[in-house]
Amino acid sequence: MRSPLVAKTVFSIGPVPITEPVLVTWGLIAGLVLLAYLATRRLSLRPGPAQAALEVVVSTAQSHIAETMRVAPAPYVALLGTLFAFILTANWSTIVPGIEPPTAYLETDAALAVIVFVAVIYYGIRARGFVGYLKTFAEPTALMVPLNLIATFTRTFSLIVRLFGNVMSGVFIVGIVLSLAGLLVPIPLMALELLIGAVQAYIFTVLAMVFVGQAVGGAGSPERTQGSLS
Amino acid sequence: MNWLDLVSIIAAAVAVSFGAIGPALAEGRAVAAAMDAIARQPEAAGTISRTLFVGLAMIETMAIYCLVIALLVLFANPFIR
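K.L.:
Kindly report on the overall build of chain A, identifying the contributing residues and their values.
P.N.:
For chain A, the helix and strand inventory stands at eight helices and two strands. Its helices and strands in sequence order give chain A the pattern β-β-α-α-α-α-α-α-α-α, from N to C terminus. Expressed along its principal axes, the backbone C-alpha trace of chain A runs to roughly 55 × 50 × 40 Å. Going through the 230 residues of chain A one by one, you find that 29% of them count as buried. For chain A, restricting intrachain contacts to residue pairs at least 6 apart in sequence, the fraction spanning at least 24 positions comes to 63%.

K.L.:
Break down the overall build of chain B for me, with residues and values.
P.N.:
For chain B, the count of helices and strands is two helices and zero strands. Taking 2.2 N^0.38 as the reference for a compact globule, 81 residues should give roughly 12 Å; the C-alpha atoms of chain B span a radius of gyration of 18 Å, well beyond that estimate. Expressed along its principal axes, the backbone C-alpha trace of chain B runs to roughly 60 × 15 × 10 Å. Per-residue burial over chain B gives 21% buried out of 81 residues. Taking the intrachain contacts of chain B between residues at least 6 apart in sequence as the baseline, contacts between residues at least 24 apart amount to 82%.

K.L.:
Pulling in residues and values, what's your account of the interface of chain B and chain A?
P.N.:
On the chain A side, the residues contacting the twelve residues of chain B number 15 residues. Split into classes, the residues belonging to the side of chain B that touches chain A amount to eleven nonpolar, one polar and no charged.

K.L.:
Can you tell me about the nonpolar core, naming the residues and giving the values?
P.N.:
Counting 39 residues, the largest nonpolar core has Phe204, Leu207, Ala208, Met209, Phe211 and Val212 of chain A as its most contacted members. Of all the secondary structure elements, the ones that give two or more residues to this core are α2 (49-69), α3 (77-92), α4 (106-128), α6 (145-181) and α7 (187-216) of chain A together with α2 (45-75) of chain B. Contacts of Phe204 of chain A, omitting those with residues within four sequence positions, involve Leu83, Ile87, Leu159 and Leu163 of chain A. Counting eleven residues, the second-largest nonpolar core is a separate cluster that includes Leu67, Leu71, Val73 and Leu74 of chain B.

K.L.:
Give a description of the environment of Leu28 of chain A that names residues and reports values.
P.N.:
Following the sequence through the fold, Leu28 of chain A ends up in helix α1 (residues 20-39). When the C-alpha positions of Leu28 of chain A and Ser169 of chain A are compared, they lie 21 Å apart, and in sequence the two are 141 residues distant.

K.L.:
Break down the environment of Ala24 of chain B for me, citing the residues and quoting the values.
P.N.:
Residues and elements named next belong to chain B. On the secondary structure map, Ala24 appears in helix α1 (residues 3-40). Residue class for Ala24 comes out partly exposed when judged on the 13 C-beta atoms lying within 10 Å of it. Along the chain, Ala24 and Ile59 lie 35 residues apart, while their C-alpha atoms are 8.7 Å from each other.

K.L.:
Explain the packing of α3 of chain A against α7 of chain A to me, and be specific about the residues and the numbers.
P.N.:
All names here are of chain A. One can describe the packing of α3 onto α7 by two numbers: an axis separation of 9 Å at closest approach and a directional angle of 160 degrees. Classified by the interaxial angle, the pair formed by α3 and α7 is roughly antiparallel. The two elements α3 and α7 cross, and the hand of that crossing is right-handed. Contacts between α3 and α7 involve Leu80, Leu83, Phe84, Ile87, Leu88, Asn91 and Trp92 from the former and Leu194, Gly197, Ala198, Gln200, Ala201, Phe204, Thr205, Ala208 and Met209 from the latter.

What counts and what doesn't
Residues numbered from 1 in each chain as written. Chains lettered and ligands numbered in written order. Predicted model: local features only at pLDDT ≥ 70, side-chain atom pairs only at ≥ 80, totals over all residues. Helix = DSSP H or I, 4+ residues; strand = E, 2+ residues; numbered from the N terminus. Buried ≥ 20, exposed ≤ 12 C-beta atoms within 10 Å, placed from the backbone. Contact = placed C-beta atoms within 7 Å. Rg over C-alpha atoms; globule rule 2.2 N^0.38 Å. Nonpolar A, V, L, I, M, F, W, Y, C, P; charged D, E, K, R; others polar. Core = buried A, V, L, I, M, F, W, Y, C linked by C-beta atoms within 7 Å. Axes fitted to C-alpha atoms, helices over the stretch in contact; angles between N-to-C directions. Parallel < 35°, antiparallel > 145°, perpendicular 65-115°, else oblique. Left-handed = near helix turned anticlockwise from the far one by under 90°.

In structure tokens, the structure reads:
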């Protein structure tokens, strides 16, 4: 059986090997950018059906961010919305035959989590200033500094492992059932996999929201976010 | 078959099976508490289920850690080969 930790190399540009998940990621990026470009090409005050649908999506994202972070959502909706859209399409790309979701490989998830890690620091420094952001590490008392430092890294790690484990185990289980039972049997499992993919995309985005919200410090953030550090 | 292979297969099975016990109990309790809360306060169902999903994912992560360890033992074991 093929190891889920190693990606298949398709071709290589010079010394850089291009693996299958990288190719799928490029395809997804191109598709999402094309879709966004086509949907926003002719914006008007009296929206057509495509623009109305897009507006529903964007305003849902904005209200979600405002509810979770308790701050004005405008600076964050681009990053968090893109994260959600990308992870959702990546997880759901498994329904196209012959394509494995790129989030089933550790490298894609690591890249996404590092984006969140950098974004938390960036938004934190932008909202509170450099010294003010450093002070958040000593939030309840100065005794908590080492724990808060460790938590900054472990929560990034747990973002990686959560997404990777969920998506990869789904692909793995479908593969095993297919090899044991044959055609058409894994279809219910694949339906479950679509649900899990959507839930995981949502959770990754909500956690990114919570982390950014904690760094930015919306009203009463410590009480609200304490429970979901993991 | 090498006995090291045998031991790592058994270790992977033990890791997943015992690692799943705690999260299973915890998820059961979390869902039961959420059901109770929704039954008492149906108008808060949206907020409760959203928080429940995030919490369940947190709990589930513990089982996923065990799964990843099992896969490491099976596919990326430093002592085999």
